Amino acid sequence: MIAVDHLPVLQVVGPLIAAPICSLLRARNLAWFFTLLVSIGAFLCSIYLLNTVLETGPISYAIGGWAAPLGIEYRVDASNGFVLLIISGISSVVLPFAKRSFELEVPENQHSLLYTAYILCLTGLLGITATADAFNVFVFLEVSSLSTYVLVAAGAKQDRRALTAAYNYLILGTIGATFFVIGVGLLYMATGTLNMADLAARVGPIGGSRTLDVGFAFIVIGLALKLALFPLHNWLPNAYTYAPSAVTAFLAATATKAAVYLLLRFCFTIFGSGSGFLAPMVGLVCMPLALAGMFAGSLAAIYQYNLKRMLAYSSVAQIGYMVLGISFLSITGLMATTLHLFNHALMKGALFMALGCVFFRVRSVNINDLSGIARQMPWTMAAFVISGLSLIGVPLTVGFISKWYLISAALEQEAWVLIALILASSLLAVIYIWRVIEVAYLKDPIPGRTVTEAPLSMLLPTWALVIANIYFGVDASLTTRVARMAAEGLVGVAQ
Amino acid sequence: MLELFLDKYNYWIVVVLMMIGLYIVIARGNLVKKIVGLNVFQTSVFMFYISLGKAEGGTAPILTGKPELFSNPLPHVLILTAIVVGIATTALGLALVVRIRESYDTIEEDELEGMDNAVVTTERARLGTGDAA
């Protein structure tokens, strides 16, 4: 079938074309249904693509028939196929949840435009992941970022601080993207190409060039801003706290993941072969910052009274784990990062959706307003607890798999201190999750307040992610297989 | 020493503009001025790309049949895209500033922070969470 050959690009172009159509649909139910269809379409595409990659190896697609170094190439291999699956999958699970949530949290006349921004954000994230052209990455990075600012600002009906959060995110996000584009410019200056495979081939022979090193540094810092690596995470807590619940669930599970994927791509596919700059950059800069982020994020999370903000700080810590995996510069380390991309998307998606359910009924996510809530909303809080355990890394949940590989990577290098630090920061996660459990389960409900369980349309998507948390925690053979292929593909071991 | 400046004057202009832009973003409290600073910062990158593609004495890259020295058009095309992205960012940023002014009645960063912090303080007082840092 001819259409199948075009799937790598259709996956991105489909949503891109759908976005303006969605803005024309004024009826909000229609706009929602249309968005859901687009998202599920992208999800089916990514399943097919990943399946093909696993069977027959990487797929390359030349846009407009112009072959790779000159034209723009889209390339799907195990690592980005996996990220495509995460992004479109989470989007498809969040959307059924988003309908009721948006109806409460966003003014009615903004709905179809909000769904348009949602589709654009999805397009951008999928584009970042699928493309093999360094400048094309920048364009999609900005498509996703600009729509993200809009999505965050849509929380203004609940709390006007969403506006200032979106503004600050816009300033920092633009600086990050501009740093990235400076880096790409320097790369182009030194090599004369923008295609990733071609860049990789040319970076190697050049070896240690000042232009390349500076370009690499600009790219890493720009991406560190985008993925909220400590201490460049300042935009994240406010943006996640004040955005509408469904937007937070979607962004927390996908946006930073696409940026981590880019970091992997640039560090290993492009700079892995060449300049001796990778090891010091990653070892001396990224590893200490990752460790600092793991502790600063978790410690800050313990002291938050707004639970969305608590989980946002916890995301800063979790990003620390992902970058730590990268900084081991080993196959196991990369597997840990790739697995944690997937696993963290599952647990943070579920946690933020559970909080979205709580907000839907209680109209607050402040910890004191949740007193005894588990008696009134048992299913929601059970979902929160299970995904919270997964966040901590309890066996039989996906969190355990991530931590297992992270610690194996540290064991390989006999970095005992790192193992101790990973375990210690997991204990901090116990503290902030326990605070919620204590208030929700052990305290008496607030007298006179009648709260019922969240509607099924919100509860079912939440539980879908919770069950995925357990399923992939019990049987991790599929995810580890993909992660191993992805890691080997990134460092260039024969696939 | 002087040659270092003169031979690569385009890069020096880029660096100076970039620093001016970043400085405005960081140092100014007025939200509109911050956006202007961001624009200066982005413009420096545009100039970087454009001067990158220019060949001394080169012509426009038009096929004439005989080999000629020509400027590289690719960075120029790339930067057209980046300019469009920059405009979109500016427009969205200014739209946010308008919304902020509508709901806060100010666009000075320190006043905005003061108002937000006051909200946090009252929230904490209501919740009685003294342990919140």
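In this text the structure is predicted, and so the values were computed from the model without any measurement. (Residues numbered from 1 in each chain as written. Chains lettered and ligands numbered in written order. Predicted model: local features only at pLDDT ≥ 70, side-chain atom pairs only at ≥ 80, totals over all residues.)

Caption draft 1: Geometry of the overall build of chain B. Scanning chain B for helices and strands turns up 5 helices and 0 strands. In terms of overall dimensions, chain B has a C-alpha envelope of 80 × 35 × 25 Å along the principal axes. Sorting the 133 residues of chain B into buried and exposed places 23% on the buried side. (Helix = DSSP H or I, 4+ residues; strand = E, 2+ residues; numbered from the N terminus. Buried ≥ 20, exposed ≤ 12 C-beta atoms within 10 Å, placed from the backbone.)

Caption draft 2: Inspection of the overall build of chain A at higher detail. Helix and strand content of chain A: 20 helices and 2 strands. Its C-alpha atoms give chain A a radius of gyration of 21 Å, within 12% of the compact-globule value 23 Å for 495 residues. Along the three orthogonal principal directions, the C-alpha set of chain A runs to about 75 × 55 × 40 Å. Burial statistics for chain A: of 495 residues in total, 64% are counted as buried. Within chain A, contacts between residues at least 6 apart in sequence are counted, and of these 80% link residues at least 24 apart. (Rg over C-alpha atoms; globule rule 2.2 N^0.38 Å. Contact = placed C-beta atoms within 7 Å.)

Caption draft 3: How the structure looks around the interface of chain A and chain B. With 27 residues of chain A at the contact, the number on the chain B side is 32 residues. Looking at the side of chain A that touches chain B element by element, the count peaks at 14 residues for helix α7 (residues 161-191) of chain A. When grouped by side-chain class, the residues that make up the side of chain A that touches chain B number 17 nonpolar, 7 polar and 3 charged. (Nonpolar A, V, L, I, M, F, W, Y, C, P; charged D, E, K, R; others polar.)

Caption draft 4: Region of the structure containing the nonpolar core. Counting 228 residues, the largest nonpolar core has Val152(A), Ala153(A), Ala166(A) and Leu263(A) as the members making the most contacts within it. Ignoring sequence-local partners within four residues, the contact set of Val152(A) consists of Ala162(A), Ala165(A), Ala166(A), Tyr169(A), Ala239(A), Tyr242(A), Ala243(A) and Val247(A). (Core = buried A, V, L, I, M, F, W, Y, C linked by C-beta atoms within 7 Å.)

Caption draft 5: View of the environment of Arg363(A). Counting through the fold element by element, Arg363(A) comes out in the loop between α14 (331-362) and α15 (373-376). Note: C-alpha distance between Arg363(A) and Gln158(A) (205 residues apart in sequence) is 9.3 Å.

Caption draft 6: Expanded view of the packing of helix α5 (residues 111-130) of chain A against helix α6 (residues 134-153) of chain A. All names here are of chain A. At a minimum axis separation of 8 Å, α5 and α6 run at an interaxial angle of 150°. Our classification of the angle between α5 and α6 gives roughly antiparallel. Handedness of the crossing formed by α5 with α6: left-handed. Mapping the contact onto sequence places Ala 117, Tyr 118, Leu 120, Cys 121, Thr 123, Gly 124, Leu 125, Gly 127 and Ile 128 in α5 and Val 137, Phe 140, Leu 141, Val 143, Ser 144, Ser 147, Thr 148, Val 150 and Leu 151 in α6. When grouped by side-chain class, the residues that make up the contact of α5 with α6 number 12 nonpolar, 6 polar and no charged. (Axes fitted to C-alpha atoms, helices over the stretch in contact; angles between N-to-C directions. Parallel < 35°, antiparallel > 145°, perpendicular 65-115°, else oblique. Left-handed = near helix turned anticlockwise from the far one by under 90°.)

Caption draft 7: Layout of the confidence of the model for chain B. Per-residue pLDDT for chain B averages 86, and the proportion of residues at 70 or more is 95%. With a pTM of 0.92, the predicted complex shows an ipTM of 0.91. (pLDDT = per-residue confidence, 0-100.)

Caption draft 8: Structural context of helix α13 (residues 307-327) of chain A. All names here are of chain A. Given a rise of 1.5 Å per residue, 21 residues ought to cover 30 Å, and the 30 Å separating the end C-alpha atoms of α13 matches this to within 8%. Across the 21 residues of α13, 21 count as buried, placing the element largely inside the fold. Residue Leu 329 follows α13 closely and has a positive phi angle near 55°. (Expected span 1.5 Å × (residues − 1).)

Caption draft 9: Representation of unusual backbone geometry within the structure. For the bond running from Phe230(A) to Pro231(A), omega is 0°, close enough to zero to count as cis. Mapped onto the elements of the fold, Pro231(A) is located in the loop between α9 (210-226) and α10 (235-242). With phi around 75°, Leu396(A) is a residue other than glycine that occupies positive phi space. Tracing the backbone shows Leu396(A) in the loop between α16 (378-392) and α17 (398-412). With a phi angle near 70°, Asp105(B) is a residue other than glycine that sits in the positive phi range.

Caption draft 10: Structural view of the pairing of strand β2 (residues 73-76) of chain A. All names here are of chain A. Side chains of β2 alternate between two faces, with Glu 73 and Arg 75 and Tyr 74 and Val 76 buried alike. In terms of strand pairing, strand β1 (residues 59-62) meets β2 through 4 bridges, oriented antiparallel. From the neighbouring strand, Ala 62 faces β2, where its bridge partner is Glu 73. (Pairing = 2+ DSSP bridges.)

Caption draft 11: Fine view of the confidence of the model for chain A. Here chain A shows a mean pLDDT of 89. Residues at 70 or above account for 98%. When mean pLDDT is taken per element in chain A, α6(A) scores highest with 94 and helix α1 (residues 2-5) of chain A scores lowest with 72.

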